[in-house]
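Breakdown of the fold
For reference, the chains in residue letters:
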Amino acid sequence: MNALKKTYILKLYVAGNTPNSIRALRTLKNILEQDFQGVYNLKVIDVVKNPQLAEEDKILATPTLAKVLPLPVRKVIGDLSDREKVLIGLNLLYEELSEEESWE
């Protein structure tokens, strides 16, 4: 059954070690370890060190979290402090919301 699990490919774009970047990374790691343990691959990209990567992926602000796979690509900008907004923004809360709607 593990072979059927989705793997989420995520990129977190940060600008150095700013408080917002550190908060975003810490919050994201908590979300991933709590809800997506073993089914994600996270790449942290410092746009100060690698500005060409931000330009290629059309990143205009940091921190920005991008879900690359599964498609569609989705992006969330900010320090990721609101867990629910992060999951909804990346379309990762769909199953949970569908279950809640069936109760109404």
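The structure we're discussing is the one just above.
Reference entry: report on the structure contained in this document. (Residues numbered from 1 in each chain as written. Predicted model: local features only at pLDDT ≥ 70, side-chain atom pairs only at ≥ 80, totals over all residues. Heavy atoms only, no water.)

Details of the sheet that holds strand 4 (residues 74-77)
- Strand order in the open sheet formed by four strands is 2-1-3-4, and the pairing between neighbours is mixed. Two strands close off the open sheet at either side, each with one partner strand: strand 2 (40-46) and strand 4. Sheet twist, expressed as the mean angle between neighbouring strand axes with direction ignored, is 20 degrees.
- The pairing of strand 3 (residues 64-69) with strand 4 spans four bridges and is antiparallel. Bridge assignment links Lys67 to a residue of strand 4, and that residue is Arg74.
- Those strands touched by helix 1 (residues 19-35) are strand 1 (8-14), strand 2 and strand 3, and its axis lies near 175 degrees from that of strand 2. (Pairing = 2+ DSSP bridges. Helix = DSSP H or I, 4+ residues; strand = E, 2+ residues; numbered from the N terminus. Axes fitted to C-alpha atoms, helices over the stretch in contact; angles between N-to-C directions. Contact = heavy atoms within 4.5 Å.)

Let's talk about helix 1
- The end-to-end C-alpha distance of helix 1 is 24 Å, a good match for the 24 Å that 17 residues give at a rise of 1.5 Å each.
- Turning to helix 1, its buried residues number three or more, namely Ser21, Ala24, Thr27, Leu28, Ile31 and Leu32. For helix 1, the arc enclosing every buried residue in end-on projection is 135 degrees, short of the 170-degree limit, so these residues lie on one face. In this structure, helix 1 carries Pro19, Arg26, Asn30 and Gln34 as exposed residues pointing more than 90 degrees from its buried face.
- Where helix 1 is buried, its residues meet strand 1, strand 2, strand 3 and helix 3 (83-89). (Expected span 1.5 Å × (residues − 1). Buried < 20%, exposed > 50% of the residue type's maximum accessible area, 1.4 Å probe, protein only. Arc of directions from axis to C-beta.)

Some words on the pairing of strand 3
- With five bridges joining them, strand 1 and strand 3 adopt antiparallel strand pairing. Paired with Leu10 across the strands is Lys67, a residue of strand 3.

Details of the pattern of salt bridges
- Applying the stated rule across the entire model yields two salt bridges.
- Measuring nitrogen to oxygen at the nearest pair gives 3.4 Å for the salt bridge that ties Asp57 to Lys11. Of this pair, Asp57 sits in the loop between helix 2 (51-56) and strand 3 while Lys11 sits in strand 1, and the two are 46 residues apart along the sequence. (Salt bridge = Lys/Arg side-chain N within 4 Å of Asp/Glu carboxyl O.)

Examining the side chain of Asp46
- Positionally, Asp46 belongs in strand 2.
- Nearest to the buried, unbridged Asp46 among oppositely charged side chains is Lys49, at 4.5 Å.
- A polar contact is formed between the side chain of Asp46 and the backbone nitrogen of Val48, at a distance of 2.9 Å.
- The contact partners of Asp46, leaving out residues within four places of it in the chain, are Val14, Ala15 and Gly16. (Lys, Arg positive; Asp, Glu negative; His and termini not counted. Polar contact = N/O pair within 3.5 Å; in protein donor to acceptor, adjacent residues only side chain to side chain.)

Read these as spatial facts, not as claims about activity.
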